[in-house]
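Spelled out, the chains give:
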Amino acid sequence: MSKSHDPWQDAMDHAVAVARKSGEMIREVVQNQDQSSLVQTKSSAVDLVTETDQKVERLIIQSVKSKFPSHRFIGEESVSSGEPCILTSDPTWIIDPIDGTTNFVHRYPFVGVCIGFAVNQQVEWGVVYSAIEDKMFTARRGRGAFCNGRPLQVSTQTDVHRSMVATEFGSDRDPQVVDKIFSSLHKVLSLPVHGVRGAGSAALNMCAVARGSVELYYETGVHVWDIAAASVIVTEAGGVLRDTTGGALDLMSRRIVAANNETIATRIIAELEVYSSERDDRAPDCEPE
Ligand SMILES: O=P([O-])([O-])O[C@@H]1[C@@H](O)[C@H](O)[C@@H](O)[C@H](O)[C@@H]1O
Ligand SMILES: [Mg+2]
Ligand SMILES: [Mg+2]
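Because the structure is predicted, anything quoted here is derived from the model rather than measured.

### Some points on the UniProt feature "binding site: Mg(2+)" (unreviewed entry) in the protein chain
- If you check UniProt for "binding site: Mg(2+)" (unreviewed entry), the listed places come out as Glu-76, Asp-96, Ile-98, Asp-99 and Asp-226 in our numbering. Their sequence span is 151 residues, while the largest C-alpha to C-alpha distance among them is just 9.5 Å; these annotated residues converge on one region.
- Glu-76 gets classed as buried once you look at its relative accessible area, which sits at 11%.
- Excluding residues within four positions of it along the chain, Glu-76 makes contact with Lys-42, Glu-57, Ile-95, Asp-96, Pro-97, Ile-98 and Trp-225.
- Its place among the elements puts Asp-99 in strand E4 (residues 92-99).
- The class for Asp-99 is buried, based on a relative accessible area of 5%.
- Filtering out sequence-adjacent residues up to four positions away, Asp-99 remains in contact with Phe-110, Val-111, Gly-112, Cys-114, Ser-201, Ala-202, Ala-203, Leu-204 and Asp-226.

Structure follows, in structure tokens:
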């Protein structure tokens, strides 16, 4: 199809450009400012946000509105300010301006600008820009996954005892949640697996699965903006996506497993404690699950 008949490609090209521009903003701050004094908190004392998160999200959304005025948005900081988090069938940009804000505040070099694009509630393409590493991860449904233009392929490993697993501790410090996190971690580590890692960014953990250096990433407590862009990067690199229950991934459920293949996914899912956080798209007045 020529570019004019492929509007989603125009949108993806714009996303790559604005993600790179956002990354320049992030690097400038990391190199020249001390963010630690400008930190605010959201759902907990360790769920951090900075004015750079907010500025980057505004930059992305305003640039998109000028080119694609009919498109919708789900942005982490917009939702945090009260915007709805509902995925309709309309073309929708799903944005995490800084995935890894805690890393950003501490100058820990794993920070991803995440821009996913969904049509009819299916992610059509995803862009994750690892700003400090200068690695642009991209994927278009049906057309492969790439890092700085080089094709990505998940690991071929099927032996869980030879696998590397990624997960995160999240930002919920409720003692019962912490116990469940460590219960899963204890079971996975004791299989044993070669190692457990965490980039501090859901999206960059998923990109590590896509590039074959991690066999599986799991987490409960993520949001749709953390995982939408990277979800298509994983599947286009040959990976699989699941719920921690073993069912199909539900972008709004707050639970994710991203793996290189079904064998590894099934084996690790068998060790995971299943629990729920409030869905991203829950009605404001409904009781938590
Ligand atoms: O808030 P943020 O840095 O965009 O996203 C982060 C996620 O990437 C991570 O997986 C999760 O464990 C953190 O609690 C936080 O939600
Ligand atoms: Mg995030
Ligand atoms: Mg974020």
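Still more to cover.
### Regarding the sheet that holds strand E8 (residues 145-147)
- Strand order in the open sheet made by the seven strands is E3-E4-E5-E6-E7-E8-E9, with mixed pairing throughout. Of all the strands in the sheet, the pair left with one neighbour each is strand E3 (72-75) and strand E9 (150-151).
- By the bridge criterion, four bridges tie E3 to E4 in an arrangement that is parallel. Paired with Ile-74 across the strands is Ile-94, a residue of E4.
- Contacting E4, strand E5 (112-119), strand E6 (122-130) and strand E7 (135-140), helix H1 (residues 7-32) crosses the sheet at an angle of about 25 degrees to E6.
- Across the sheet, helix H2 (residues 51-67) is in contact with E3, E4 and E5; its angle to E4 comes to roughly 155 degrees.

### Let's talk about the pattern of salt bridges
- Using the criterion set out here, one finds 16 salt bridges in the structure.
- Asp-159 is paired through a salt bridge with Arg-162; the nearest N and O atoms lie 3.5 Å apart.
- Since its relative accessible area comes to 53%, Arg-162 is described here as exposed.
- Here Arg-279 ties to Asp-250 by a salt bridge, and the two come within 2.7 Å at their closest N and O atoms. With Arg-279 in the segment after helix H8 (262-269) and Asp-250 in the loop between strand E13 (240-242) and strand E14 (255-259), this residue pair connects regions lying 29 residues apart in the sequence.
- Residue classification places Arg-279 among the partly exposed residues on the basis of a relative accessible area of 23%.
- Shared partners join several salt bridges into a network, and the residues in it are Asp-6, Glu-124, Arg-140, Arg-141 and Arg-143.

### Observations regarding the packing of aromatic side chains
- Inspection of the entire model under this criterion finds seven aromatic pairs.
- Residues Phe-117 and Trp-125 carry aromatic rings whose centres are separated by 5.0 Å and whose planes lie at 10 degrees to one another, so their mutual orientation is stacked.
- Phe-117 gets classed as buried once you look at its relative accessible area, which sits at 0%.
- Classification of Trp-125 by relative accessible area gives buried; the value is 0%.
- Grouping aromatic residues by their ring pairs yields a cluster made of Trp-8, Phe-68, Trp-93, Phe-117 and Trp-125.

### Quick notes on the coordination of the magnesium ion (ligand 3)
- Coordination of the magnesium ion (ligand 3) by the protein involves Glu-76 (OE), Asp-96 (OD) and Ile-98 (O), with metal-donor separations of 2.0 to 2.3 Å.
- Here the magnesium ion (ligand 3) and the magnesium ion (ligand 2) are spaced 3.5 Å apart, and both take Asp-96 as a donor. Of the two residues, Glu-76 is situated in helix H3 (residues 76-80) and Asp-96 in strand E4; the sequence distance between them amounts to 20 residues. For the pair Glu-76 and Asp-96, one class covers both residues: buried.

### Considerations on the environment of Ser-43
- Structurally, Ser-43 is set in the loop between strand E1 (40-41) and strand E2 (48-49).
- Taking relative accessible area as the criterion, Ser-43 reaches 58% and is therefore assigned exposed.
- A C-alpha to C-alpha distance of 13 Å links Ser-43 and Asp-280, two positions 237 residues apart in sequence.
- Polar side-chain contacts of Ser-43 include one of 2.7 Å to the side chain of Asp-47.

### Re the coordination of the magnesium ion (ligand 2)
- The coordination sphere of the magnesium ion (ligand 2) contains the protein donors Asp-96 (OD), Asp-99 (OD) and Asp-226 (OD), at a distance range of 1.8 to 2.0 Å.
- Of note, the magnesium ion (ligand 2) draws all its donor residues from one chain, in the sequence arrangement D-x2-D-x126-D.
- By relative accessible area, Asp-226 is classed as buried at 9%.

### What to know about the nonpolar core
- If you look at the biggest cluster of nonpolar residues, it comprises 43 residues, and the most contacted ones within it are Ile-74, Val-128, Met-206, Tyr-217, Val-224 and Ile-233.
- Breaking this core down by element, the ones donating at least two residues are E5, E6, E7, E8, helix H6 (202-210), helix H7 (224-236) and E14.
- Here this core gets nine residues from one element, more than from any other, and that element is H7.
- Apart from the residues lying within four places of it in its own chain, the contact partners of Ile-233 are Gly-126, Val-128, Phe-137, Thr-138, Ala-139, Ala-145, Leu-152, Cys-207 and Ala-210.
- Ile-60, Phe-117, Val-119 and Tyr-129 belong to the second-largest nonpolar core, a separate cluster that totals 28 residues.

What counts as what
- Residues numbered from 1 in each chain as written.
- Chains lettered and ligands numbered in written order.
- Predicted model: local features only at pLDDT ≥ 70, side-chain atom pairs only at ≥ 80, totals over all residues.
- Heavy atoms only, no water.
- UniProt positions renumbered as here; feature names shortened; annotations may be inferred.
- Buried < 20%, exposed > 50% of the residue type's maximum accessible area, 1.4 Å probe, protein only.
- Contact = heavy atoms within 4.5 Å.
- Helix = DSSP H or I, 4+ residues; strand = E, 2+ residues; numbered from the N terminus.
- Pairing = 2+ DSSP bridges.
- Axes fitted to C-alpha atoms, helices over the stretch in contact; angles between N-to-C directions.
- Salt bridge = Lys/Arg side-chain N within 4 Å of Asp/Glu carboxyl O.
- Phe/Tyr/Trp six-rings, centres within 6.5 Å; stacked < 30°, edge-to-face > 60°.
- Donors = N, O, S within 2.8 Å, 3.2 Å for Na, K, Ca; no water.
- Polar contact = N/O pair within 3.5 Å; in protein donor to acceptor, adjacent residues only side chain to side chain.
- Core = buried A, V, L, I, M, F, W, Y, C linked by side-chain atoms within 4.5 Å.

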